[in-house]
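# Report on the structure
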Amino acid sequence: MTNHTALSCSVLDFNPDQFEQPAIALKINVQDNNVEQPVHQHEKGQLLIAMTGGVVCKVTDAVWIAPPQHAIWIPSQMFHSNRATDNAQLYFLFIDENVIDLPKKCCTLAISPLLRELIQYLAKQDQRYECNTPISRLVNVLLEQLTIAPIQALSLPMSEHPKIRYIADELTQDPSNRFTLRQWATFLAMTERTLARLIKHETGLTFGRWRQQLHILIALNQLSTGLNVQQVAGNLGYDSVTAFITMFKKSLGCTPTQYFAKLH
């Protein structure tokens, strides 16, 4: 069985909506996760948890990332696709939103050690557990803890506008691309001012801030795979490691080494 088939069988062929339980957990067992799932949706809300490695989730208007010990919350009925890093160990938690008050929009959540253990435990249990049993009481604790999980600013606003989507795709394929706003405008046969207004209108961010946020997501994704800071800085086109670390610290409040040290 190929890795793509393994991923499909363990996720796409699993129907979480057939269960009446308020929450069910699924461990994703594949050796190579780096295959993007087709766009899909669920009746239940879904939490994508990266115990190790990282996972990227795309929705219509944004891209979200969960580095290790984080999770992406996807509300009910929202179309999405996922891609995990090669070294990721993933758990999916499907939740009946009628029993818990969670955000109505996608977000990245920090997962506490207690939540991590509860999710891993639930994934080993019979998914058709009954009410008023030890498992169901643990689920109640899990859901309560989930409502207080801190939200992390780890997303990139996106747009369906073809020119912005083109820039995003190009920068994702080649993060070291250092085209200025003027150069992009010339390439796209627009004035610099028009392109600047378009990006701000569609994403809420200036071009420089939007590209920096994209670099943060790519950096976290690459660092989650085990690449060192020097390699990631080079991949993103920074002239020096110091310049990359300064950008990272300005965005997330700490250096890459400090950020990942806090996750263990």
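Residues numbered from 1 in each chain as written. Predicted model: local features only at pLDDT ≥ 70, side-chain atom pairs only at ≥ 80, totals over all residues. Heavy atoms only, no water.

Over its 18 residues, helix 7 (residues 207-224) runs 26 Å from end to end, which matches the ideal 26 Å to within 8%, given 1.5 Å per residue. Of all 18 residues making up helix 7, 14 are buried, and the element is well covered by its neighbours. Positive phi appears at Gly226, one or two residues downstream of helix 7, with a value of about 110°. (Helix = DSSP H or I, 4+ residues; strand = E, 2+ residues; numbered from the N terminus. Expected span 1.5 Å × (residues − 1). Buried < 20%, exposed > 50% of the residue type's maximum accessible area, 1.4 Å probe, protein only.)

For Ser159, the position within the fold is in the loop between strand 10 (155-157) and helix 4 (162-173). Within the structure, the side chain of Ser159 is placed 2.9 Å from the backbone nitrogen of His161, a separation counted as a polar contact. At a separation of 2.7 Å, a polar atom in the side chain of Ser159 contacts the side chain of Glu202. Other than its neighbours up to four places away in sequence, Ser159 contacts Ile164, Arg165 and Glu202. (Polar contact = N/O pair within 3.5 Å; in protein donor to acceptor, adjacent residues only side chain to side chain. Contact = heavy atoms within 4.5 Å.)

Glancing now at the sheet that holds strand 10. Ordered by their spatial adjacency, 4 strands build an open sheet running 6-3-4-10, and the pairing between neighbours is antiparallel. In this open sheet, the two strands that pair with only one neighbour each are strand 6 (81-84) and strand 10. Within this sheet the neighbouring strands show an average axis-to-axis angle of 15°, counted without direction. Two elements, strand 3 (residues 55-59) and strand 4 (residues 62-66), share 5 bridges in a ladder whose sense is antiparallel. Across the sheet, residue Val55 finds its bridge partner in strand 4, namely Ala66. In the packing of helix 7 onto the sheet, contacts are made with strand 3, strand 4 and strand 10, and the angle to strand 10 comes to roughly 145°. (Pairing = 2+ DSSP bridges. Axes fitted to C-alpha atoms, helices over the stretch in contact; angles between N-to-C directions.)

Mean pLDDT over the protein works out to 88, with 92% of the residues at or above the 70 mark. With pLDDT under 50 throughout, residues 1-9 is counted as low confidence; its partners more than four residues away or in other chains account for 14 contacts. (pLDDT = per-residue confidence, 0-100.)

Considering all chains together, one arrives at 2 salt bridges under this definition. The shortest N-O distance in the salt bridge between Glu160 and Arg165 comes to 2.8 Å. The exposed category is assigned to Glu160, whose relative accessible area is 54%. For Arg165, a relative accessible area of 25% gives the class partly exposed. For Glu192, the salt bridge is made with Arg182, and the minimal N-O distance between the two is 3.0 Å. Here Glu192 is found in helix 6 (residues 192-203), whereas its partner Arg182 is found in helix 5 (residues 181-187), with 10 residues between them in sequence. Under the relative-accessibility criterion, Arg182 is labelled exposed at 57%. (Salt bridge = Lys/Arg side-chain N within 4 Å of Asp/Glu carboxyl O.)

With that settled, consider the pairing of strand 3. The element strand 3 is extensively covered by neighbouring structure, given that 4 of its 5 residues are classed as buried. Hairpin connection, strand 3 to strand 4: the antiparallel pair is bridged by 2 residues. One ladder, built from 4 bridges, connects strand 3 with strand 6; its direction is antiparallel. Bridged to Lys58 within strand 6 is Ser81.

Below, the discussion takes up the nonpolar core. The biggest cluster of nonpolar side chains holds 47 residues, and the ones touching the most others in it are Leu47, Ile49, Leu93, Ile95 and Leu146. With 6 residues, the single largest contributor to this core is strand 7 (residues 89-95). Leaving out residues up to four positions away in the same chain, Leu93 has contacts with Ala23, Ile24, Ala25, Gly45, Gln46, Leu47, Ile49, Ile119, Leu122, Leu142 and Leu146. Of all hydrophobic cores here, the second largest spans 39 residues; its members include Phe207, Phe244, Phe248 and Tyr259. (Core = buried A, V, L, I, M, F, W, Y, C linked by side-chain atoms within 4.5 Å.)

Attention now goes to the sheet that holds strand 8 (residues 107-110). Through backbone hydrogen bonds, the strands of a sheet pair up, either in parallel or in antiparallel fashion. A sheet is described by the order of its strands in space; here 6 strands give the open sequence 1-7-2-5-8-9, paired in antiparallel fashion. Looking at the sheet topology across the chains shown, the edges are occupied by strand 1 (23-28) and strand 9 (151-152). Both strand 5 (residues 70-74) and strand 8 contribute to a ladder of 4 bridges, which runs antiparallel. Looking across to strand 8, one finds that His70 is bridged to Ala110. Contacting strand 1, strand 2 (45-52) and strand 7, helix 2 (residues 113-123) runs over the sheet at an angle of about 85° to strand 1. Docked against the sheet, helix 3 (residues 134-146) engages strand 1, strand 2, strand 7 and strand 8, running at close to 100° with respect to strand 7.

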